[in-house]
Every structure is written in structure tokens, then in C-alpha cells.
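Coordinate analysis (summary)
What follows is the residue order along each chain.
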Amino acid sequence: MNAVDRLNVLKTYKLYVGGKFPRSESGRVYEVTDSKGKWLANAPLSSRKDARDAVVAARKAFGGWSGATAYNRGQVLYRVAEMLEGRRDQFTREVADAEGLSKSKAAAVVDATIDRWVWYAGWTDKIAQVVGGGNPVAGPFFNLSSPEPTGVVAIVAPQESSFLGLVSVLAPVIATGNTAIVVASENSPLPALSLAEVLATSDVPGGVVNVLSGRTAELATPLAAHQDVNAIDLAGADEVLAKELEIAAADNLKRVLRPQPVDYAETPGIDRLTAFLETKTVWHPTGSLGASGSSY
């Protein structure tokens, strides 16, 4: 059989929920095109039911992920970076198509994205030392503050920066022990759906990250109102949608990270690491050390 007679095997993109790759329960898809309008793929058009399923999966995974040691989470995230490095060429093509970049510029974006993932992996066992510590008190007590993850976090991914922006908002959420539901860029979801394949073949437990594609407003609205979602990052929401989501999120006092101008190419600080952390303060009485009467 000649190569010219061969039919290409087109990729079927799917959602990533609970460590599995389901089609949308609605059976719907929508066309994804490049910056010049050329058809690239059909992506799943997620429904509200898919969003609710993702919340269930994220909640189920939260106990194990948040209970893992920070060092272990760092190892797991570094493994993701290794997998991304191995699929660098694929992501370069997808980013070039999604964002209308030349191959060289897209490659630079992918390199920066992998580096960004490694950067956050290195913070998993260090952030507690920056934002936690012992507090001086007037009395025979220890007073210790330590950060703990907020819980299930919904993320409206950046619309334009389909890969670097996505990783810049996702990695800090899971690095600190939260679980996530990501609403991928509406017009450029393919890098996010491919990232899900990397997560599935790394050591990230199923349900820690769940990826949905489709209409941003259709998916973000039920997530903002969901009673079992603890926080929401509005990075990819426009001004009108962000206001609606913030109002919906107030019903169960979700933490809300409002959208703001961000240059994702710049080195990030720790703001996104601390955005979805709670501070637990523990009091413990001091005691004596033997006959000398000295205390600690």
C-alpha cells in the first residue's frame, strides 16, 4: 500500500474526569480551528452534568492528595514535567496552531511552560516555611501556624495563553494540595486536553485534575454555584462573566481569585500558591524537661 493511499487517523479528543477519558454525556462536540480558521479537531462540548461529575471526582481525590507529603507531591509534579519534555514536539505543534505562532516561538512557549511546571514542583515542600511558622505569645504555649489546602478549586483557564497560562494557574493549585476542575480555553482547548493525557500517564492520582472543554460560561456558572466547590480562579473570565461568577460564588463563601492583567512569560511570585491556602493555627502547652525544671 502506498503512503499516498493511507488515511490519516484523526485524534478523538475527550474530557478528563476522575482519571478517565469520557466523552461528554451530552454527546456534543464543537469545531476547533486555528488562527486562520483551518479545522483542527472536534472537541467535546461539555455539559453541566460533566461539570458536576468533575466536582465529585475532585472531592473524592482531595483526601489522598492533600494528605500526601509535600515532598511526594513535588516528586509527582516533577514527573509530569518529564512527561511534558518527552512530548515537546506535539505541544509545540498544538500551541503554534492554537495561538498563531511560528514554530520557533511556540517551542519557546512550550519550554517556558515546562520550566514553569518544574518551578512550582520545587515549591511544594517550601511554601509552608514561607507562610507558616511559630508565633510569639504571652504565656506557656506554643502557637504554630501552618498552611493547608482550601479544597476543590474550579479554574477558568486563560483564553489566549492556552498552555503557558493554563499551567501557570493550574500547577500552583495542585502543588499546594488542592484538587482542580479546569475549564479549558474555549477557542483553544487542545493543549489542555493533551495535558490531560500527560497527567493520566504520570503519577498524578485520578481526580486531582479534571479537564473540561466547551463553552466557558456554560461550564463556569454551575461550578461557581456548586456547594462542594471551595474556591474559583476567574483568570479566563471576561469582566461581565467574572462579575456573575463572583456573585454565584458568594452563596457558599468560596474563595475567589479575580481576573487581572498577567504577563505569563514573567517569573511568577508566590501569590497563586498562597491564594488557595488556609492557615491553621495550633496552640500547645509547654512542659518541663525533668528535674531541672527547664521548659521548652
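Check the entry above for the structure.
Not measured: the values here are computed from a predicted model. (Residues numbered from 1 in each chain as written. Predicted model: local features only at pLDDT ≥ 70, side-chain atom pairs only at ≥ 80, totals over all residues. Heavy atoms only, no water.)

Across its full length, the protein chain holds 10 helices and 10 strands. For a compact globule of 296 residues, the expected C-alpha radius of gyration is about 19 Å, and the protein chain comes in at 21 Å, within 12% of that figure. Taken over the C-alpha atoms alone, the protein chain extends approximately 90 × 40 × 35 Å along its principal axes. Looking at the protein chain as a whole, 47% of its 296 residues are labelled buried. Element-wise, carbon and sulfur atoms account for 53% of the exposed surface of the protein chain, whose accessible area totals about 14,400 Å². (Helix = DSSP H or I, 4+ residues; strand = E, 2+ residues; numbered from the N terminus. Rg over C-alpha atoms; globule rule 2.2 N^0.38 Å. Buried < 20%, exposed > 50% of the residue type's maximum accessible area, 1.4 Å probe, protein only. Areas by Shrake-Rupley, 256 points an atom, 1.4 Å probe, with all protein chains shown as cover.)

Tracing the backbone shows Trp 123 in helix 4 (residues 103-123). When the C-alpha positions of Trp 123 and Asp 251 are compared, they lie 32 Å apart, and in sequence the two are 128 residues distant. For Trp 123, the contacting residues outside a window of four places in its chain are Val 130, Ile 270 and Leu 273. (Contact = heavy atoms within 4.5 Å.)

Quick look at the nonpolar core now. In this structure, Trp 117, Leu 170 and Ile 174 are the most contacted members of the largest nonpolar core, which totals 62 residues. With 9 residues, helix 6 (residues 164-175) is the largest single contributor of residues to this core. Once residues lying within four places of it in the same chain are set aside, the contact partners of Trp 117 are Leu 77, Val 80, Ala 81, Val 167, Leu 170, Ala 171, Ile 174, Leu 195 and Leu 199. With 26 residues, the next largest nonpolar core counts Ala 57, Ile 232, Ala 242 and Ala 249 among its residues. (Core = buried A, V, L, I, M, F, W, Y, C linked by side-chain atoms within 4.5 Å.)

To continue, consider the pairing of strand 2 (residues 39-44). Summarising the sheet, strand 1 (residues 29-33) and strand 2 pair through 5 bridges and their orientation is antiparallel. Each bridged residue has a counterpart across the sheet, and for Val 32 the counterpart in strand 2 is Ala 41. Connecting the antiparallel pair strand 1 and strand 2 is a turn made up of 5 residues, with Gly 37 showing a positive phi of about 90°. (Pairing = 2+ DSSP bridges.)

Overall, antiparallel pairing links the 3 strands, which are arranged 3-4-10 in an open sheet. Of all the strands in the sheet, the pair left with one neighbour each is strand 3 (133-134) and strand 10 (277-285). For strand 4 (residues 141-149) and strand 10, the ladder comprises 9 bridges, and the chain directions are antiparallel. Each bridged residue has a counterpart across the sheet, and for Phe 142 the counterpart in strand 10 is His 284.

This next bit is on the pattern of salt bridges. For the coordinates displayed, the defined rule picks out 13 salt bridges. For Asp 233, the salt bridge is made with Arg 272, and the minimal N-O distance between the two is 2.6 Å. With a gap of 39 residues between them, Asp 233 in strand 8 (residues 231-233) and Arg 272 in helix 10 (residues 271-274) connect regions that are remote in the sequence. Judged by its relative accessible area of 15%, Arg 272 is buried. Salt bridges sharing common partners tie together Lys 11, Arg 87 and Glu 197. (Salt bridge = Lys/Arg side-chain N within 4 Å of Asp/Glu carboxyl O.)

Turning our eyes to something else, we now look at the side chain of Asp 50. In this structure, Asp 50 sits in helix 1 (residues 48-67). Buried charged residue Asp 50 carries no salt bridge. Nearest counter-charge: Arg 28, at 6.3 Å. At a separation of 3.2 Å, a polar atom in the side chain of Asp 50 contacts the main-chain amide nitrogen of Glu 25. Of note is the side chain of Asp 50, whose polar atom sits 2.8 Å from the backbone nitrogen of Ser 47. For Asp 50, the contacting residues outside a window of four places in its chain are Leu 15, Arg 23, Ser 24, Glu 25 and Leu 212. (Lys, Arg positive; Asp, Glu negative; His and termini not counted. Polar contact = N/O pair within 3.5 Å; in protein donor to acceptor, adjacent residues only side chain to side chain.)

Bear in mind that shape data such as this cannot, by itself, settle questions of function.
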